[in-house]
There are 2 protein chains.
Amino acid sequence: MTRKSIAIDMDNVIVDIETNWIAWYHNEFGIQVTKEAMHGIPEDQAFPDPLAARSLIYKPGFFRNAPLIPGAQEALLKLQENFDVFIVSAAMEFPNSLSEKYDWLAEHFPFIHWKNIVFCGDKRVINTDYLIDDHLKNLDFCQGTPILFTAGHNRGIDKYRRVNNWDEALELLAAE
Amino acid sequence: MTRKSIAIDMDNVIVDIETNWIAWYHNEFGIQVTKEAMHGIPEDQAFPDPLAARSLIYKPGFFRNAPLIPGAQEALLKLQENFDVFIVSAAMEFPNSLSEKYDWLAEHFPFIHWKNIVFCGDKRVINTDYLIDDHLKNLDFCQGTPILFTAGHNRGIDKYRRVNNWDEALELLAAE
């Protein structure tokens, strides 16, 4: 039997961008924003100054030093037993992130071969059996089965099957 | 009618890697290799010292300063009138090339939106209606119609429809 393929997004799925963004904003502007403030709205809107928040994404080190989503490493190792696992990140919007994301993956996911990494703009040209992502703009156009990974900004959306964490993702995929 | 999509490789298709590699080898080792020496064999094998030749690929500037394949700019502008044009490069093998390739595209193909750029490892997850590429390792697994773009190393191969230059590529695609 052919192994099925899974495309896995980076930001807010294996990389904890929310925590990172809040920490950078606090570090730069001295204001502490809560994760709850991000519920149901675009992330930058959760900050007192959205433009200032957005400027942080373009600073060197923003992506390189971001923390892991809990359980992501163990989950991807587990998934590799039965699936072809691809990391598919819409990194092209932030060119500074390209090498940082590559290095981040090499550090935290050394078991993901470079052949299985994709940095793209629009994910609609990616054809895998599943896409695990936190953004509708990606899931809406994916060619496989979309799985919504919970992030603050997507709370309340019930358009796709949702997983709240990596334990739930493993459970869902084990049943496929 | 939905526009069809074309994935276009970078190296030896829009970027003249052969000319660049020969120039870098000459500059570094003082030995002039001809393009004819590359016919029908892997590129690095055309150089007196293949390992030394290969080391050049990893040097800063190798991809950033490479020349254009003649006619590529005009052809892609023309193709954009009727197709969704994507640049799809297996850049992940050479992480140093990621930002260089991005900057190269921004300079020479400013009319290609970042949404239409893909840097990947294995092209088998890319699903477009056509793939224009010089390597069988990509064309063999592509999900659309493969088109072989002539490079020295692929001379003699008759597995796919071949175009020798961008004029022939435009002609072939105009008839589709």
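Just so it is clear, the structure is predicted and the values come from calculations on it, not from any experiment. (Residues numbered from 1 in each chain as written. Chains lettered and ligands numbered in written order. Predicted model: local features only at pLDDT ≥ 70, side-chain atom pairs only at ≥ 80, totals over all residues. Heavy atoms only, no water.)

### A short note on the interface of chain A and chain B
On the side of chain B, 19 residues touch chain A, which itself brings 19 residues to the contact. At the boundary of chain A with chain B, total buried surface from both sides reaches about 1,900 Å², with 72% on carbon and sulfur atoms. Together, M92, W114 and V125 of chain A form the three largest contributors to the area buried by chain A at its contact with chain B, with a combined 31%. Put simply, chain A and chain B have zero salt bridges between them. Elements with a contribution of two residues or more to the side of chain A that touches chain B: α4 (97–108) and β3 (117–120) of chain A. (Contact = heavy atoms within 4.5 Å. Buried area = accessible area lost by both parts, 1.4 Å probe. Salt bridge = Lys/Arg side-chain N within 4 Å of Asp/Glu carboxyl O. Helix = DSSP H or I, 4+ residues; strand = E, 2+ residues; numbered from the N terminus.)

### Structural notes on the UniProt feature "active site" (unreviewed entry) in chain A
Residues and elements named next belong to chain A. In this structure's numbering, the residues bearing the UniProt feature "active site" (unreviewed entry) are D9 and D11. For the largest pocket, the lining residues drawn from the annotated set are D9 and D11. By the element assignment, D9 lies in the loop between β1 (4–8) and α1 (17–29). Residue classification places D9 among the buried residues on the basis of a relative accessible area of 5%. If sequence neighbours within four positions are ignored, D9 has contacts with I14, V88, S89, K123, I132, D133 and D134. (UniProt positions renumbered as here; feature names shortened; annotations may be inferred. 1 Å grid on protein atoms, 1.4 Å probe; cavity = no way out; pocket = protein on both sides within 12 Å on 5 of 7 lines; lining within 4 Å. Buried < 20%, exposed > 50% of the residue type's maximum accessible area, 1.4 Å probe, protein only.)

### What to know about helix α4 (residues 97–108) of chain B
Taking 1.5 Å of rise per residue, 12 residues should cover 16 Å, and α4 of chain B covers 16 Å from first to last C-alpha, within 8% of that figure. Its buried side turned inward, α4 of chain B meets α4 and β3 of chain A together with α3 (72–79), β2 (83–89) and β3 (117–120) of chain B. (Expected span 1.5 Å × (residues − 1).)

### Some thoughts on the packing of aromatic side chains
If you walk through the whole model with that rule in mind, you get 24 aromatic pairs over all chains. Measuring from centroid to centroid gives 4.7 Å for Y25 of chain A and F29 of chain A, while their planes differ by 50°, and the two rings are tilted. Of this pair, Y25 of chain A and F29 of chain A both sit in helix α1, four residues apart, which is roughly one turn of that helix. Owing to a relative accessible area of 37%, F29 of chain A belongs among the partly exposed residues under this scheme. Here the aromatic cluster, defined as three or more aromatic residues joined through ring pairs, consists of W21, W24, Y25, F29, F47, Y58, F62, F63 and F94 of chain A. For R124 of chain B, the ring lying beneath its charged end belongs to F141 of chain B, and the centroid distance is 4.1 Å. (Phe/Tyr/Trp six-rings, centres within 6.5 Å; stacked < 30°, edge-to-face > 60°. Lys NZ or Arg CZ within 6 Å of the ring centre and 35° of its normal.)

### A closer look at the layout of surface pockets
Taken as a whole, the largest pocket holds about 630 Å³ of empty space. E43, E93, F94, H135 and K137 of chain A are the residues nearest the centre of the largest pocket, which is lined by 29 residues in total. The residue inventory of the lining of the largest pocket, partitioned by class, reads 10 nonpolar, six polar and 13 charged. For the lining of the largest pocket, the domains that each give at least three residues are domain 1 (4–16 + 67–174) and domain 2 (17–56) of chain A. In this model, the second largest pocket occupies a volume close to 470 Å³. Of all elements in the fold, only α1 (17–29), α2 (50–57) and α5 (136–139) of chain B reach the threshold of two or more residues within the lining of the second largest pocket. Tallied by class, residues from the lining of the second largest pocket come to eight nonpolar, five polar and 10 charged. The residue makeup of the lining of the second largest pocket includes at least three contributed by each of domain 1 (4–16 + 67–174) and domain 2 (17–57) of chain B. (Points joined across faces, edges and corners; volume = space filled by probe spheres on them. Nonpolar A, V, L, I, M, F, W, Y, C, P; charged D, E, K, R; others polar. Domains from an automatic or database assignment.)

### Digging into α2 of chain B
Residues and elements named next belong to chain B. Listing the buried residues of α2 in full gives A52, A53, L56 and I57. Taken end-on, α2 shows its buried residues confined to a sector of 165°, consistent with a single buried face. Packing partners of the buried residues in α2 comprise α1. (Arc of directions from axis to C-beta.)

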